[in-house]
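Listed below, chain by chain, are the residues.
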Amino acid sequence: MALDGSAAIAGQTRPTPARRVPADAWLAAALVMLALLISAVGTLRAPSLSAFDEATHIDYVWKLAHGRVPFGGDVLAPEVLQEWSCRSQDNIADQLPPCGSDAPASAYPAAGQNYNAFHPPLYYATAAVGVRAVGALAGDVSFVTVARLTGGVWLALALVGLYLVLRSWRVSPLVAVSGAAALGAVPSVAHAASTVTNDAPAALCGVLALAVLTRAVRHDGAGWLVPGVVALLVASTKVINSLGFVAVALVLLALAVGRARAGRRRAALRLTTTSLSILVATAVLYFLWDTVQDGRRLAGWKSPIAGYHTAPVEGLPVEEWLPTLLSAVGLAHDYWLQASVASFIVPVVARALTVLFTAAPFASLALFERGDGRRVVGWAALAGAVAAPAVVQLNAYVGSGTYFVHVTSRYALSLVPLTVVALALVADARRWRVASAAVGLGAAALVVLSFAGAL
């Protein structure tokens, strides 16, 4: 027994002090709530389908949930056609048969075919599991609504992951949470989180690329197994979601050359191994799944939207490619929203973020000195913005001898986290914490208000 009067008296014990919840945990929880709110409000207030081929993505989820994988030439399931008619689609409402008409698939746009069956299945499988699980627990719930809400989970993981990556760079909590909120405020990211699309995992894919880059920069490599497996999973959601990893791989190869010239051969080898594991895993998934689906498509089938976004190349594709090579710079300017969640403020937010995102890589390169790991993030963001249109155009040229007249920045959504972190690192180094909060948290609040109809 203690003799200083601190012992228990009359059988009572001193109460144990309550353990304080770290601020990082509270801020991460707030980001989860923000992501789920964006997804829920966008899902419920915009029942009409997205112009970004949502009907085909819904069909993919529906068929996986019922035990089969769609193929090239497959027609949309009758249940999906009914959802399409009854929910409508803002940009082609006059081309859809009326709700409840039992019109054949051929009466729908693109002959009611699923021309997106070539995509890898990981995103659709996760949505299908969610649909089946919620259906078993809640009974009669719209499968489209449930599939859309899974986008909120992808976004929540992306926002929390981005926050943790920024904190690992010792960025202040305010700048870190503001950067994560800015990611959710990008209109194309928010739209993907509230519709059925394999763009939904893109933000998380970019965050995973950032995590690999962060570890590689700090330790001269991140091994080959974990980066390779993660890159394979990322490509399994949608091959173009690998652009963030491709940008990271290119930067790591450049760093390896620098290490080799400096005589640090072991460091150069570790960086090269990490880079090659990413590139090889991505290529393996691409060619493997492409081979599988090529063998399943209907003989002689051609996509009903072939030539809708592309044009044939005449000679060398120099004149065709050059006008599109900077189309991924800015990242936030190219988006589409249903009329029920759009407002006058969304273009303002998109343009402001576009200006900041365009400047972010250059500000990073100007502020941080050579050898500073933070500078590498700026290089990765810049490399990705330049590489993205080239990768898209090269794939179209090799596959069909065509080119994209306009390369939408939506293809480069996985590059947004790289750009946001480059911007946040600059803001934190300059101690622009209040400005960061005004931009990131303010933009997120305005997008939520627009989605909710308050604006």
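Preceding block: the structure.
Residues numbered from 1 in each chain as written. Predicted model: local features only at pLDDT ≥ 70, side-chain atom pairs only at ≥ 80, totals over all residues. Heavy atoms only, no water.

K.L.:
Whenever I open this one, the packing of aromatic side chains confuses me. Can you help?
P.N.:
For any pair of aromatic rings, geometry is given as the distance between the ring centres together with the angle between the planes. For the coordinates displayed, the defined rule picks out 8 aromatic pairs. Ring centres of Tyr123 and Trp154 lie 6.5 Å apart, and the angle between their planes is 45 degrees; this geometry places the pair in the tilted category. With Tyr123 in helix H4 (residues 122-138) and Trp154 in helix H5 (residues 143-168), the pair connects residues that are 31 residues apart, well separated along the chain. Both residues of the pair, Tyr123 and Trp154, count as buried. (Phe/Tyr/Trp six-rings, centres within 6.5 Å; stacked < 30°, edge-to-face > 60°. Helix = DSSP H or I, 4+ residues; strand = E, 2+ residues; numbered from the N terminus. Buried < 20%, exposed > 50% of the residue type's maximum accessible area, 1.4 Å probe, protein only.)

K.L.:
Would you take a moment to explain the state of the cysteines for this structure?
P.N.:
Two cysteines, two sulfur atoms, one covalent bond between them: this is a disulfide. Under the defined criterion, the tally for this structure stands at 1 disulfide. A sulfur-sulfur distance of 1.9 Å marks the disulfide that ties Cys86 to Cys99. The disulfide joining Cys86 to Cys99 has a torsion of about 80 degrees about its S-S bond and is therefore right-handed. One end of the pair, Cys86, is in helix H3 (residues 78-87); the other, Cys99, is in the loop between H3 and H4, with 13 residues separating them in the sequence. (Disulfide = S-S within 2.5 Å.)

K.L.:
Would you explain the environment of Ala342 in this entry?
P.N.:
When you line up the elements, Ala342 lands in the loop between helix H12 (318-321) and helix H13 (345-367). C-alpha separation for the pair Ala342 and Phe451, spaced 109 residues apart in sequence, amounts to 6.7 Å. Not counting the four nearest positions on each side in its chain, Ala342 is found in contact with Leu337 and Ser450. (Contact = heavy atoms within 4.5 Å.)

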